[in-house]
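# Overview (structure and organization)
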Amino acid sequence: MLNVTDLRGRETSVRELRAILPRAGTDVGSAAEQVAPIVDDVRRRGAEAALEYGERFDGVRPEAVRVSSDAMRAALDGLDADVRAALETSIQRIRQVHAEQKPATRKTELATGAVVTEVFRPVHRVGLYVPGGKAVYPSSVLMNVIPAQEAGVESMVVCTPPQADFDGQPHPTILAACALLGIDEVWAVGGAQAVALMAYGDDDLEPVDMITGPGNVFVAASKRLVNGVVGIDAEAGPSEIAIIADDTADPVYLAYDLISQAEHDEQAASILITDSPELAEVVDKEIAKRYGITLNADRVRDALEGPQSGILIVDDIETAVHVTNVYAPEHLEIHTANAQAVAREINNAGAIFVGPYSPVPLGDYSAGSNHVLPTSGTARFAAGLSTHTFLKPMNIVEYSAEALEEVADAVITLADEEGLPAHGEAIKARRG
């Protein structure tokens, strides 16, 4: 069912591997050209333009952008008790992990009277995008809101698409998740127009300083266009899972885990990297036998049979590690006899799930880690959403007259060397 690529006996460079490895062909640049007029129109006309585009693309137009407090309360009151309990369990775990991520103030004394202190200040206002296309994502509310709260963000708005099935309001489970977290500002806008509205605001809607959260290619493209006007976390692509496995792995576990991520989207990537051709064959058969019973079987099939998914057979686990570091998956599972040791060799992955009882779906909801992770190979240089995302390190410099004099000649010399003598004069003026 999955395409098989045999890399055994081949010495491939990083450049060659990047060309060989499966990857979704998402073209954010092309999408940016399509959404640029939308972003510009919303910049000029604000909420009215955003509502018009929602009506055109999704066939639904809420009475107002901002969801009322009554609707928020009603959604929370109507939330299924089991769902509420599950959300509260996840909230507790995610909050504990992200609370402990907050860095401490650091003070460096370079000499007597010469102190540089690094402090961390939260972004003032953030916009958190929660998608609402093929599924309902209350978990994305948790994953965006909680780290922002733990960073100390004072003002935030959740933007999520209105739903025709709910009289133009966002899905009630999304609203209930917001209410559980104390979020009282939710905008019923989706897609590129939502990103633009968060970035530029209008007379009645305050713009934000940063936008985070996953979405489709048009959301990613619009984030690219407003980057610089506001900060962004990343241009999220389709979901990815890679699994490193040897002959000790349970093929049924692997099959279900590959299927689980494929149900996100037809462009989702599911990749098995193994040194066991026998395991590869069994896993492929298990997938073919099991995927059809899922609710989203057609979507799963399209994702698994697409060019972005496949099985890679390698000579050994050391090679599997190398291939994985080149691929830089969003999610990586390790099912090997020495899984912890293998995990220590991984430098490029959004998140690593070690052993048979740490599947990616655990991280999607209740592991405590964040599920907003770098995709499309960007884990080579980018990190997932965390408390750090919403914090800005800032240096506070405090020198006494004596401490300044100690380093004054060096500053003056370098200023003269760079042809900026006024810099040096500013130092000389303090010598009296």
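Residues numbered from 1 in each chain as written. Predicted model: local features only at pLDDT ≥ 70, side-chain atom pairs only at ≥ 80, totals over all residues. Heavy atoms only, no water.

### Overview of the pattern of salt bridges
If you walk through the whole model with that rule in mind, you get 25 salt bridges. The residue R61 makes a salt bridge to E48 at a minimum N-O spacing of 2.9 Å. Pair noted here: R61 is in the loop between helix 3 (47-58) and helix 4 (69-77) and E48 is in helix 3, with a separation of 13 residues, a long-range link. Note on R61: relative accessible area 33%, which makes it partly exposed. When salt bridges that share partners are traced, they join D40, D41, R43, R44, R45 and E52 into one network. (Salt bridge = Lys/Arg side-chain N within 4 Å of Asp/Glu carboxyl O. Helix = DSSP H or I, 4+ residues; strand = E, 2+ residues; numbered from the N terminus. Buried < 20%, exposed > 50% of the residue type's maximum accessible area, 1.4 Å probe, protein only.)

### As for the UniProt feature "binding site: Zn(2+)" (unreviewed entry) in the chain
As recorded in UniProt, the feature "binding site: Zn(2+)" (unreviewed entry) lies at Q261, H264, D364 and H423. Separation in sequence by 163 residues is matched in space for these annotated residues, since their most distant C-alpha atoms are 56.5 Å apart. Of note, H264 is situated in the loop between helix 10 (251-262) and strand 10 (269-274). Overall, the relative accessible area of 25% leaves H264 in the partly exposed class. Those residues in contact with H264 that lie beyond four places of it in its chain are K134, Y137, S239, R299 and D364. Along the chain, H423 turns up in helix 17 (residues 421-428). (UniProt positions renumbered as here; feature names shortened; annotations may be inferred. Contact = heavy atoms within 4.5 Å.)

### Let's talk about the sheet that holds strand 3 (residues 114-122)
Judged by pairing direction, the sheet is antiparallel, and its three strands sit side by side in the order 2-3-14 without closing on themselves. Taken across any chain shown, the strands that pair with only one partner, and hence form the sheet edges, are strand 2 (106-111) and strand 14 (391-399). Neighbour to neighbour, the strand axes of the sheet diverge by 20 degrees on average, direction disregarded. In the sheet, strand 2 pairs with strand 3 via five bridges, with the strands oriented antiparallel. By the bridge assignment for strand 3, E109 is matched with V115. Each of strand 2, strand 3 and strand 14 touches helix 16 (residues 401-417); the most contacted strand, strand 14, lies at about 95 degrees to it. (Pairing = 2+ DSSP bridges. Axes fitted to C-alpha atoms, helices over the stretch in contact; angles between N-to-C directions.)

### Here we look at the UniProt feature "binding site: NAD(+)" (unreviewed entry) in the chain
On the UniProt side, "binding site: NAD(+)" (unreviewed entry) is annotated at positions that read Y129, Q193 and N216 here. Despite a sequence span of 88 residues, these residues sit close together in the fold, their greatest C-alpha distance being 12.6 Å. Among the residues just listed, Q193 line the largest cavity. Looking at the element boundaries, Y129 is found in strand 4 (residues 125-129). Polar side-chain contacts of Y129 include one of 2.8 Å to the backbone nitrogen of G191. Residue placement: N216 occurs in the loop between strand 7 (210-212) and helix 9 (217-226). (1 Å grid on protein atoms, 1.4 Å probe; cavity = no way out; pocket = protein on both sides within 12 Å on 5 of 7 lines; lining within 4 Å. Polar contact = N/O pair within 3.5 Å; in protein donor to acceptor, adjacent residues only side chain to side chain.)

### Structural notes on the nonpolar core
Formed by 39 residues in total, the largest nonpolar core has its most connected members in V126, V141, L142 and F390. For this core, the elements supplying multiple residues, two or more each, are helix 4, helix 5 (81-99), strand 4, helix 6 (138-151), strand 5 (155-160), helix 7 (172-180) and strand 6 (186-188). Per-element accounting of this core gives the leading share, seven residues, to helix 6. (Core = buried A, V, L, I, M, F, W, Y, C linked by side-chain atoms within 4.5 Å.)

### Observations concerning the sheet that holds strand 12 (residues 331-335)
Spatially, six strands are ordered 1-11-10-9-12-13 in an open sheet, and the strand pairing comes out parallel. Single-partner strands in this sheet number two, and they are strand 1 (4-6) and strand 13 (351-354). Averaged over neighbouring strand pairs, the angle between their axes works out to 20 degrees when direction is ignored. Here six bridges tie strand 9 (residues 240-245) to strand 10, and the two strands are oriented parallel to one another.

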